[in-house]
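Coordinate analysis (summary)
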Amino acid sequence: MLGRVTPPRVPLRPAVADLPAYVPGARVPVGAAAYKLSSNENPFPPLPSVLAVIDDAAADLNRYPDMYATELTEALAARLDLDPAGVVAGTGSVAVLGHVLSAVCGAGDEVVIPWRSFEAYPIAVAVAGATAVPVPLGQDSRLDLPAMAKAVTRRTRAVLVCTPNNPTGPAVRSDELEAFLDAVPSDVLVVLDEAYVEFVRDPRVPDGLAVLRDRRNVVLLRTFSKAYGLAGLRVGYAVARPRLAAGIRAVATPFGVSHVAQRAAVASLAAERELLERVDAIVEERTRLLTGLRAQGWTVPDSEANFVWLPLGPRAADFAADAAAAGVLVRPFPGDGVRVSVGEPEATDLLLGVTAEWRHTRV
Ligand SMILES: *Cc1c(COP(=O)(O)O)cnc(C)c1O
């Protein structure tokens, strides 16, 4: 009606209105055939023993799950030789990261993050109401821990350390991490995101659990999504001192981890040997991919994870389009580079075909 004033709209929190969208890896279109190397997924399907447990657990779907995923928490504590009070399960380690941040920070607080790194970080920090302080990667696409330590101020409540770093691949080494932890005040939380820890082969890379024993301000994040191949079930966990773990648990989504996810995760721990053989196969394939790329003349950083990084800069999107045309979906970060997950050997061959073509014509 003419002259009528539009009633005011419900405002979104400014931090939410400004959030960058999380860009998921490209999906294979229905009816098309392509290798999906765009989301760091495990190329192997679930083990028959795990599928059988999932089938069995589905019969209880009319019930709420155990609020604290007690069976899984205890199985993890036994496996990792920890107090169960220090283990907090959640719907993927991304969700657990959100809980960690809401437990320790709020408006006006700062969280130091490496960049480029996992794209969920700036979003999770903003959702927690805090301000992300990005610190550029250093040489060879590695985390610049000295610069990250320098970025800590009185307002810093947490630092996120992605090791191995998604999407570039290198992991932090013990000496670097110890120097960093010595430099960071003991009341600033250091989150070691070890989503890819099972793929690490460099002996200079520390075991987060050993670090956690010595440092009260460290939290580890781990997941069943990558090495254990359960990305679709959404289950990950944090390990921390019991006091911090209680804070994380207090803000977590009630009944987050489903009964099916919990039973599948427990079954995966029981089948760990078989699953870690698959991880060995992926690590071998990673070596084949890295070696193949370097033999073609590419300069690529070392990877301790299940992906490799092609620092293509402004040509990232073009490369991803060419790879898709060849039947391989990869993950471009426009203007920066392309992340290629390690998958089936046939996918590696196709990808190396695209990279060889690019060496001849585009680089
Ligand atoms: C994949 C990934 C995770 C794990 O995500 P889930 O929510 O457990 O599936 C966490 N951190 C990083 C850096 C990752 O790449």
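Conventions and cut-offs
- Residues numbered from 1 in each chain as written.
- Predicted model: local features only at pLDDT ≥ 70, side-chain atom pairs only at ≥ 80, totals over all residues.
- Heavy atoms only, no water.
- UniProt positions renumbered as here; feature names shortened; annotations may be inferred.
- Pairing = 2+ DSSP bridges.
- Helix = DSSP H or I, 4+ residues; strand = E, 2+ residues; numbered from the N terminus.
- Axes fitted to C-alpha atoms, helices over the stretch in contact; angles between N-to-C directions.
- Contact = heavy atoms within 4.5 Å.
- Polar contact = N/O pair within 3.5 Å; in protein donor to acceptor, adjacent residues only side chain to side chain.
- Domains from an automatic or database assignment.
- Buried area = accessible area lost by both parts, 1.4 Å probe.
- Near = heavy atom within 4 Å.
- Areas by Shrake-Rupley, 256 points an atom, 1.4 Å probe, with all protein chains shown as cover.
- Nonpolar A, V, L, I, M, F, W, Y, C, P; charged D, E, K, R; others polar.
- Buried < 20%, exposed > 50% of the residue type's maximum accessible area, 1.4 Å probe, protein only.
- Arc of directions from axis to C-beta.
- Phe/Tyr/Trp six-rings, centres within 6.5 Å; stacked < 30°, edge-to-face > 60°.

Looking at an unreviewed UniProt entry, one finds the protein chain named Aromatic amino acid aminotransferase and attributed to Cellulomonas aerilata. Recorded in UniProt for the protein chain, the comment headed Function (unreviewed entry) runs: "Aminotransferase that catalyzes the conversion of aromatic amino acids and 2-oxoglutarate into corresponding aromatic oxo acids and L-glutamate."

So, on to the sheet that holds strand β4 (residues 131-136). Pairing in this open sheet of seven strands is mixed, and the strands run β2-β8-β7-β6-β5-β3-β4 from one edge to the other. Pairing within the sheet leaves two strands with one partner each, and these edge strands are β2 (87-90) and β4. Strand-to-strand twist in this sheet, taken as the mean axis angle between neighbours without regard to direction, amounts to 20°. Here helix α3 (residues 70-80) sits on the sheet in contact with β2, β7 (218-223) and β8 (236-239), set at roughly 130° to β2. Packing of helix α5 (residues 120-127) onto the sheet brings it into contact with β3 (110-115), β4, β5 (156-162) and β6 (189-193), and relative to β3 it is tilted by some 170°.

Right, let's get into the UniProt feature "modified residue: N6-(pyridoxal phosphate)lysine" (unreviewed entry) in the protein chain. In the numbering used here, UniProt assigns the feature "modified residue: N6-(pyridoxal phosphate)lysine" (unreviewed entry) to Lys226. Here Lys226 shows up in the loop between β7 and β8. Side-chain polar atoms of Lys226 contact the side chain of Tyr196, separated by 3.1 Å.

Below, the discussion takes up the UniProt feature "domain: Aminotransferase class I/classII large" (unreviewed entry) in the protein chain. Taking the UniProt record as the reference, the feature "domain: Aminotransferase class I/classII large" (unreviewed entry) is found at residues 36-346. As a span, residues 36-346 carries 39% helix and 17% strand, and end to end its C-alpha atoms are 12 Å apart.

As a further point, take the domain arrangement of the protein chain. Domain annotation for the protein chain reports domain 1 (14-36 + 273-361) and domain 2 (48-271). Domain 1 and domain 2 are separated by 24 Å when their C-alpha centres are compared. Each partner contributes residues to the interface: domain 1 has 27 residues there, and domain 2 has 27 residues. Each partner contributes to the roughly 2,400 Å² buried at the junction of domain 1 and domain 2, and carbon and sulfur atoms together form 62% of this total. Of all residues in domain 1, the largest losses of buried area upon contact with domain 2 belong to Tyr22, Leu275 and Glu304, amounting jointly to 27% of the total for that side. Mapped onto the side of domain 1 that touches domain 2, the elements with two or more residues apiece are α11 (272-295), β9 (307-310) and β11 (331-333). At nine residues, the largest contribution of residues to the side of domain 1 that touches domain 2 is made by α11.

With that settled, consider the site of the ligand. By nearness alone, 14 residues border the ligand, and Ser93, Tyr196, Thr223, Ser225 and Lys226 come closest of all. In the environment of the ligand, an oxygen atom lies 2.6 Å from a nitrogen or oxygen atom belonging to the side chain of Ser225. When isolated, the ligand has an accessible area of 380 Å², and the protein chains bury 94% of it. Looking at side-chain class alone, the shell around the ligand contains six nonpolar, five polar and three charged residues.

Time to look at helix α2 (residues 48-57). Within α2, the full set of buried residues consists of Val50, Val53, Ile54 and Ala57. Down the axis of α2, the smallest arc covering the buried residues is 100°, so these residues share one side. Along α2, exposed side chains directed more than 90 degrees from the buried face belong to Pro48 and Asp55.

On to the packing of aromatic side chains, then. Scanning the entire structure with this criterion turns up nine aromatic pairs. On the basis of an interplanar angle of 85° and a centroid distance of 5.5 Å, the ring pair of Phe118 and Tyr121 is categorised as edge-to-face. When its relative accessible area of 13% is taken as the criterion, Phe118 is described as buried. Between Trp298 and Phe319 the ring centres are 6.4 Å apart and the planes differ by 75°, which places this aromatic pair in the edge-to-face class. You can see Trp298 sitting in the loop between α11 and β9 and its partner Phe319 sitting in helix α12 (residues 316-325), a full 21 residues away along the chain.

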